[in-house]
Amino acid sequence: MLLRNTSSSRPVDGHLAALAGECVLCSEFRYRRGTEDFGEGEETEYVYQITSGAVRTYKLLADGRRQINSFHLPGDMFGLENGAIHRFTAEAIVETRVRITRRRSLLDTMRDRERGVAKVISLVTQNLQHAENHMLLLGRKTALERVAAFLLEMDERLSQPDVMILPMSRRDIADYLGLTLETVSRAFSILRDERMLQFDGPTQRRIALTDRGRLGGLNV
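Predicted, not measured: the structure shown is a model, and the values here were computed from it.

J.: I'd like to hear about the sheet that holds strand S5 (residues 55–60), residue by residue, with values.
T.: With antiparallel pairing, the 4 strands of this open sheet are ordered in space as S3-S8-S5-S6. The sheet terminates laterally at strand S3 (36–38) and strand S6 (66–72), the two strands that pair on one side only. Within this sheet the neighbouring strands show an average axis-to-axis angle of 30 degrees, counted without direction. As defined by bridge partners, S5 adjoins strand S8 (residues 89–92) across 4 bridges and the pair is classed as antiparallel. Across the sheet, the residue bridging to Thr57 is Ala90, located in S8.

And the structure:
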């Protein structure tokens, strides 16, 4: 459920504008932590771009377990599916602001625009590459390697800050990596004891990577 619509009929910027090749009107919404942007099986009516906060996309398995497919951070676009319905549920991890534009409006604006088509192909390719990397991570790496790969992924996406602030919980990380909560916590402790990272503050969501080279060595 949305907290409120903070703005309407605004021109989009960033990736959405690059896709369209010109201004497309959008609305800006703020989502409470834990509320859905859209649900699995719902019609793909809108395209979303995060301006602040973070979103997880996930699927509930038949046995009740949750498999997180991706984390979306500020600047990321999501919801542009190649079918008529969403394959995953999207949910705000923390209070999140997103810009939303109608999928049909965006596609109509891009029609017959070579640059717009190229941008869509690039976005789809990036999503495919992420899916392939995620599949390899789940299938071929030990628990410690998975956690190291996750930290390096977040580090790169956040432009290698001195202190990385993770919006997601250990449970989220476990469901993304296909591990148990206890295994993820143990891996973090090992990496801390091996001086590859250190925690900044009591929540342990503020992390400084102190030896990226050794972390990368676990990820080969």
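J.: Outline the pairing of S5, listing residues and values.
T.: Sheet topology places S5 next to S6; 6 bridges connect them, and they run antiparallel. Of the residues in S6, the one forming a bridge with Leu60 is Arg66. Counted along the chain from S5 to the antiparallel partner S6, the turn is 5 residues long, and its residue Gly64 has a positive phi close to 95 degrees.

J.: Mind laying out the environment of Gln198, listing which residues take part and the relevant values?
T.: Looking at the element boundaries, Gln198 is found in strand S11 (residues 197–199). Linking Gln198 and Asp211, residues 13 residues apart in sequence, is a C-alpha distance of 9.9 Å.

J.: Give me the nonpolar core: which residues, what numbers.
T.: The biggest cluster of nonpolar side chains holds 29 residues, and the ones touching the most others in it are Phe150, Leu151 and Leu166. Those elements that place two or more of their residues in this core are S6, helix H4 (143–157), helix H5 (170–177), helix H6 (181–193) and strand S12 (206–209). Looking at this core element by element, the count peaks at 6 residues for H4. Phe150 has contacts with Phe71, Leu166, Met168, Ile173, Tyr176 and Leu177, leaving out every residue within four places of it along the chain. In terms of nonpolar packing, the next biggest core, distinct from the first, is built from 11 residues, Phe29, Phe38, Ile50 and Ala90 among them.

J.: Would you mind going over the side chain of Thr96 in detail, with residue names and values included?
T.: Topologically, Thr96 is positioned in strand S9 (residues 96–102). Relative accessible area serves as the criterion here: at 1%, Thr96 is assigned to the buried category. From its side chain, Thr96 meets the backbone oxygen of Ala54 in a polar contact 3.1 Å long. In this structure Thr96 touches Phe29, Arg30, Tyr31, Ile50, Ser52, Gly53, Ala54 and Val55, once residues within four positions along its chain are discounted.

Calculation criteria
Residues numbered from 1 in each chain as written. Predicted model: local features only at pLDDT ≥ 70, side-chain atom pairs only at ≥ 80, totals over all residues. Heavy atoms only, no water. Pairing = 2+ DSSP bridges. Helix = DSSP H or I, 4+ residues; strand = E, 2+ residues; numbered from the N terminus. Axes fitted to C-alpha atoms, helices over the stretch in contact; angles between N-to-C directions. Core = buried A, V, L, I, M, F, W, Y, C linked by side-chain atoms within 4.5 Å. Buried < 20%, exposed > 50% of the residue type's maximum accessible area, 1.4 Å probe, protein only. Contact = heavy atoms within 4.5 Å. Polar contact = N/O pair within 3.5 Å; in protein donor to acceptor, adjacent residues only side chain to side chain.

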